[in-house]
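Residue-level structure breakdown
Listed below are the residues making up each chain.
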Amino acid sequence: MPLLIAIDGPVGAGKSTISDAVAQRLGILHLDTGAMYRAAGLAALRAGVSLDDEQAVSECVGRADISVRYEDGVQRTLLSGEDVTGALRTPEASDAASRVSQYPAVRRKLVEAQQRIARSTSLLMDGRDIGTVVLPDAPVKIYLTATAQARAARRMLQMREKGDQTPFEVILAEVNARDDRDMHRETDPLRQAEDAVVVDSSELNFEETVNAILRIVAERSAEA
Ligand code: DC
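Below is a short write-up of the structure. (Residues numbered from 1 in each chain as written. Predicted model: local features only at pLDDT ≥ 70, side-chain atom pairs only at ≥ 80, totals over all residues. Heavy atoms only, no water.)

It is worth spelling out the site of the ligand at this point. Around the ligand sit 14 residues in total, of which Arg 38, Arg 107, Arg 128, Asp 129 and Arg 185 are the nearest. Arg 107 has a polar side-chain atom sitting 2.8 Å from an oxygen atom of the ligand. Calculation on the ligand without its partners gives an accessible area of 450 Å², and the protein chains cover 96% of this total. Put simply, the parts of the chain that give the shell around the ligand at least two residues each are α2 (33-47), α4 (91-100) and α8 (168-184). Per element, the largest residue contribution to the shell around the ligand is 4 residues, and it comes from α2. Counted by class, the shell around the ligand contains 2 nonpolar, 5 polar and 7 charged residues. (Near = heavy atom within 4 Å. Polar contact = N/O pair within 3.5 Å; in protein donor to acceptor, adjacent residues only side chain to side chain. Areas by Shrake-Rupley, 256 points an atom, 1.4 Å probe, with all protein chains shown as cover. Helix = DSSP H or I, 4+ residues; strand = E, 2+ residues; numbered from the N terminus. Nonpolar A, V, L, I, M, F, W, Y, C, P; charged D, E, K, R; others polar.)

Dropping the structure here:
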């Protein structure tokens with residue numbers, strides 16, 4: 001039977017890198033669903049539609065072909081056949097993803113695509129609604145979180161490495177704004193599934209977080 005693991009949590013909790021490491025150690029694929037929402041945001045940006053126009057965005061994303069493929073186990077995200085992986089981590093793509101992901105038609109399309117991928121293979125999927133909506137029956141669900149302060153501090157470190165001197169208070173305000181939007185949108189907001197195990201990484205380093213998740217996977221898989 002394929003092994004399905006759902007990891008949800010707020011922005012900056014380290015979901016992507018932690019999920020990569022956990023999936024690699026388990027020898028299964030990692031589907032970063034945020035990349036699919038980023039590709040949807042990029043589709044809307046490229047089409048020049050207003051991100052506030054729900055109908056125009058929904059039609060544009062509805063027409064777009066958003067898919068993933070794996071190269072040596074690493075996810076590549078495609079928009080109408082073009083590999084856009086390298087274009088998804090910009091502030092513009094982040095902002096667009098956060099805005100288009102509020103629209104029900106966009107979510108329906110991507111949720112269906114994600115569920116289709118999970119039918120055929122063992123997978124660790126990370127996002128905001130995986131344990132609650134995409135894979136409600138996943139035997140292993142993790143809610144990976146950290147305090148807003150800790151998440152903003154990590155983000156600041158990454159930014160400083162790139163020479164970005166944005167003040168901590170500004171970064172913290174952005175983290176809080178993203179949390180607010182992800183947790184309070186009407187459709188499929190970020191919330192902890194009832195049967196998810198919480199991992200708070202505020203006081204844990206990378207390795208400790210990966211190991212905490214691997215322990216939960218082992219316990220839950222043994223119970224299933
Ligand atoms: O995880 P990320 O930062 O790459 O996600 C980009 C945006 O997409 C973020 O604003 C939340 C949204 N998202 C979502 O609504 N549902 C998901 N399953 C994954 C991401």
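Back to the write-up after that little detour.
It is worth spelling out the pattern of salt bridges at this point. Going through the model one piece at a time under the given rule, you end up with 13 salt bridges. Across the salt bridge formed by Arg 128 and Asp 182, the nearest N and O atoms sit 3.0 Å from each other. Pair noted here: Arg 128 is in the loop between β6 (123-127) and α6 (130-134) and Asp 182 is in helix α8, with a separation of 54 residues, a long-range link. A single salt-bridge network, built from bridges that share partners, covers Asp 52, Asp 95 and Arg 99. (Salt bridge = Lys/Arg side-chain N within 4 Å of Asp/Glu carboxyl O.)

The 5 strands lie next to each other as β2-β6-β1-β7-β8, forming an open sheet whose pairing is parallel. Two strands bound the open sheet, and with one partner strand each, they are β2 (29-32) and β8 (197-200). Strand-to-strand, the axes of this sheet are offset by a mean angle of 20 degrees, without reference to chain direction. Judged from the 4 bridges that link them, strand β1 (residues 4-8) and strand β7 (residues 140-145) form a sheet pairing that is parallel. Among the inter-strand pairings, Ala 6 is bridged to a residue of β7, identified as Lys 141. Against the sheet, helix α1 (residues 15-26) engages β1, β2, β6 and β7, with an angle of about 175 degrees to β6. (Pairing = 2+ DSSP bridges. Axes fitted to C-alpha atoms, helices over the stretch in contact; angles between N-to-C directions. Contact = heavy atoms within 4.5 Å.)

This brings us to the pairing of strand β4 (residues 74-79). Pairing of strand β3 (residues 66-71) with β4 involves 6 bridges; the strand directions are antiparallel. Within β4, the residue paired with Ile 66 across the bridge is Leu 79. Where β3 folds back onto β4 in an antiparallel hairpin, the turn is made up of 2 residues, including Asp 72, whose phi is positive at roughly 50 degrees. Across 2 bridges, β4 lies against strand β5 (residues 82-83) in antiparallel orientation. Bridging across to β5, Leu 78 finds its partner in Asp 83.

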